[in-house]
Amino acid sequence: MEEIRQTRDPRKRRGLRHAVEVVLGIAVCAVLCGARSCRGIGDWAKALRGQDLRRFSSRRDKAPSEPTIRRVLQGIDAQEFEGRIGGWLSGRQVLSGKAVAMDGKTLRGSRDGEQKPVHLLSAVIHKEGIVVAQQRVDEKTNEIKHVKPLLKSLDMKGAVVTADALLTQREIADYVVKKKKADYVFTVKGNQKTLEEDIRDLELKKKAPITRRSTKNTEE
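We now turn to the structure provided with this report. (Residues numbered from 1 in each chain as written. Predicted model: local features only at pLDDT ≥ 70, side-chain atom pairs only at ≥ 80, totals over all residues. Heavy atoms only, no water.)

Okay, the side chain of T168 next. Along the chain, T168 turns up in the loop between β4 (160-163) and α7 (170-179). Polar contacts involving the side chain of T168 include one to the main-chain carbonyl oxygen of T187, which spans 2.4 Å. What T168 contacts, discounting residues up to four positions off in sequence, is F186, T187, V188, Q192 and L195. (Helix = DSSP H or I, 4+ residues; strand = E, 2+ residues; numbered from the N terminus. Polar contact = N/O pair within 3.5 Å; in protein donor to acceptor, adjacent residues only side chain to side chain. Contact = heavy atoms within 4.5 Å.)

Here you go:
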């Protein structure tokens, strides 16, 4: 909440019923509880009692409505907000030895009239499912251009970065290894025909994954 309070409120001050930190705090907790759209966040907020709202520093006994939540989420500087939350999270996570996925998703429920839905590129810790960084992908660009800004602030030494075929690019691989001191596992498909053919020429065969088995009552 300390980080959320520093987020700039995009609304005009006059007539505000709910402070920006109240709306954003509720939205964050709703998503943590499984909400996947503005409507879902609004439904979660409706169930909050007065004592619950006070934990978000709200002075009202009624939660913000779904339209209010939607307007705030659409109006804030998403990159600034993600920088604050992602920085807070990454400061509590040691990424060395962990797998971090670069994953692009379109935010469900973010389309509003003629406004196109929000598309985000995220860095997510595989096991915990924690988003440690996020970039909004401009509709005029693609995910590739946002990889370096996404990983720039993260201490990734010793981590393993995974990505789908779209992000299997030499420039990205070099950046991960040389600048971030991490390793990578990238998917190769038809969009990299030469690389795919090179791999095929090596006649690499799939191997069963190595699994750990209990040594109890067995001999090695």
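There is more to say, and it comes next.
With that settled, the discussion passes to the nonpolar core. Formed by 24 residues in total, the largest nonpolar core has its most connected members in M102, A123, L151, L154 and M156. Per element, the largest residue contribution to this core is four residues, and it comes from α7. For M156, the residues in contact, after removing those within four places along its chain, are L95, V100, L151, V161, K180, K181 and A182. By size, the runner-up hydrophobic cluster in this structure holds 19 residues, among which are I26, L48, A63 and I69. (Core = buried A, V, L, I, M, F, W, Y, C linked by side-chain atoms within 4.5 Å. Buried < 20%, exposed > 50% of the residue type's maximum accessible area, 1.4 Å probe, protein only.)

Moving on to the pattern of salt bridges. Under the defined criterion, the tally for this structure stands at ten salt bridges. Between R8 and E80 there is a salt bridge, with its nearest N and O atoms 3.6 Å apart. In this pair, R8 is assigned in the segment before α1 (20-32) and E80 in helix α5 (residues 78-90), connecting sequence segments 72 residues apart. Since its relative accessible area comes to 16%, E80 is described here as buried. Here the salt bridges do not stand alone but share partners, grouping R8, E80 and R84 into one network. (Salt bridge = Lys/Arg side-chain N within 4 Å of Asp/Glu carboxyl O.)

Right, let's talk about unusual backbone geometry for a bit. Most of the time, phi is negative for any residue but glycine, and the peptide bond is trans. Even without glycine at this site, S57 takes up a positive phi of about 70°. By the element assignment, S57 lies in the loop between α3 (50-54) and α4 (66-75). For S57, a relative accessible area of 38% corresponds to the partly exposed category. With phi around 55°, K181 is a residue other than glycine that occupies positive phi space. Summarising the element assignment, K181 is placed in the loop between α7 and β5 (183-186). Judged by its relative accessible area of 52%, K181 falls in the exposed class.

Two measures define how a pair of helices packs: the angle their axes make with one another and the distance between the axes. Look at α1 against helix α2 (residues 38-46): their axes get within 9 Å of each other, and the N-to-C directions meet at 100°. When the interaxial angle is binned, α1 and α2 end up roughly perpendicular. Across from I26, A27, C29, A30 and V31 in α1, the residues of α2 making contact are I41, W44 and A45. Within the contact of α1 with α2, the residues separate by chemical class into eight nonpolar, no polar and no charged. (Axes fitted to C-alpha atoms, helices over the stretch in contact; angles between N-to-C directions. Parallel < 35°, antiparallel > 145°, perpendicular 65-115°, else oblique. Nonpolar A, V, L, I, M, F, W, Y, C, P; charged D, E, K, R; others polar.)

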